[in-house]
Amino acid sequence: KQEVTQIPAALSVPEGENLVLNCSFTDSAIYNLQWFRQDPGKGLTSLLLIQSSQREQTSGRLNASLDKSSGRSTLYIAASQPGDSATYLCAVRADTGRRALTFGSGTRLQVQP
Amino acid sequence: EPEVTQTPSHQVTQMGQEVILHCVPISNHLYFYWYRQILGQKVEFLVSFYNNEISEKSEIFDDQFSVERPDGSNFTLKIRSTKLEDSAMYFCASEGGFYEQYFGPGTRLTVT
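Note that the structure is a prediction, hence the values are computed from the model and not measured.

This paragraph deals with the overall build of chain A. Looking only at helices and strands, one finds zero helices and eleven strands in chain A. In chain A, the order of α-helices and β-strands from amino to carboxyl end is β-β-β-β-β-β-β-β-β-β-β. Its C-alpha atoms give chain A a radius of gyration of 13 Å, near enough to 13 Å, the size a compact globule of 113 residues would have. When its C-alpha atoms are laid out on the principal axes, chain A stretches across 45 × 30 × 20 Å.

Here is the structure:
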């Protein structure tokens, strides 16, 4: 059974700092990995989708990398801003034909002004 | 930009009552999902729906749950007899075939 772990569980940084969020998964047989942002009491906003054949994806100040064989992904946030404060979730889809996403528990990020 | 919408945003019900949660997926998307997130826990998959039938479901999705696409735009989740442990945020998601799932804002279900 796939297990997704995110470290750290919480992170507080001063504004302007570059930071890295980590996601690991136990079964490397994935089809893709998706990073989401969740604001308190709100829905999930898709940030980046990486297919298993890709090594990284970029969107603005966000860069996500994937090392499928080692079961790891990182989300890099450059020049963090207070508006980046949220919980960041990663989720994986198996390559078995199933479409369900398996989620990690998230990293709660606080960017101090 | 197209988005998934869900109603109501908050539903309070008594144990044993039936509830129906409503979702309008993104137009022209083909795959539809329900997930839930119990407070403080991970987001969990419940069910996926494609071509007017359930394509996949989790162990959570037992006989108390059902889904329906009553028309070309709505997608509903019904819980027949709610339990206290059904209290959670329920998220609807849709996917257009390019493997990226888009989530709605959620319905917070409180069972008393």
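Further remarks concern the sheet that holds strand β8 (residues 75-79) of chain B. Residues and elements named next belong to chain B. With antiparallel pairing, the four strands of this open sheet are ordered in space as β1-β3-β8-β7. What marks the edges here is a single partner per strand, and that holds for β1 (5-7) and β7 (65-68). The sheet shows a mean angle of 20° between the axes of neighbouring strands, direction not considered. Summarising the sheet, β1 and strand β3 (residues 19-24) pair through three bridges and their orientation is antiparallel. Paired with Q6 across the strands is C23, a residue of β3.

This next bit is on the interface of chain B and chain A. The partner chain A presents 23 residues to the 19 residues of chain B that form the contact. Of the roughly 1,700 Å² buried between chain B and chain A on both sides combined, carbon and sulfur atoms contribute 50%. Among the residues of chain B in contact with chain A, B:K42, B:E56 and B:Y99 are the three that bury the most area, contributing 35% of the side total. Close ionic contact of B:E95 with A:R99 constitutes a salt bridge, the shortest N to O distance being 2.5 Å. Along the contact surface separating chain B from chain A lie 13 residue pairs in polar contact (both at pLDDT 80 or more). Among the elements of the structure, β4 (31-37), β5 (43-50), β9 (88-95) and β10 (101-103) of chain B are those that each provide at least two residues to the side of chain B that touches chain A. Residue composition of the side of chain B that touches chain A, by class: eleven nonpolar, three polar and five charged.

What counts and what doesn't
- Numbers given to residues run from 1 along each chain, matching the order in which its sequence is written.
- Each chain gets a letter, beginning with A, and each ligand a number, beginning with 1, in the order they are written.
- At least 70 in pLDDT is required for a residue's local features to be given in this predicted model, at least 80 for side-chain atom pairs to be given and counted, and no such filter applies to totals for whole chains, interfaces and linings, which use all residues.
- Note: side-chain values were computed over all heavy atoms of the structure, leaving out hydrogens and water.
- Numbering of helices and strands starts at the N terminus; helices are DSSP runs of H or I of at least 4 residues and strands are runs of E of at least 2.
- Here the globule rule reads 2.2 Å times residues to the power 0.38, and the radius of gyration is calculated from C-alpha atoms.
- The pairing criterion for strands is at least two bridges between them, as found by DSSP.
- All axes are obtained by fitting lines to C-alpha atoms, using only the stretch in contact for helices, and the reported angles, taken between N-to-C directions, cover 0 to 180 degrees.
- Residue contacts follow a heavy-atom distance rule, with two residues in contact if any of their heavy atoms lie within 4.5 Å.
- As a working definition, buried area equals the accessible area (1.4 Å probe) given up by two parts on being put together, with both sides summed.
- Each salt bridge in this description consists of a side-chain nitrogen of Lys or Arg and a carboxyl oxygen of Asp or Glu lying within 4 Å of one another.
- What qualifies as a polar contact is a pair of N or O atoms within 3.5 Å, subject to a donor-acceptor requirement within protein and to the restriction that residues adjacent in sequence count only when both atoms come from side chains.
- Note on residue classes: Ala, Val, Leu, Ile, Met, Phe, Trp, Tyr, Cys and Pro are nonpolar, Asp, Glu, Lys and Arg are charged, and everything else, Gly too, is polar.

Honestly, that's just the spatial picture; any functional story needs more than this.
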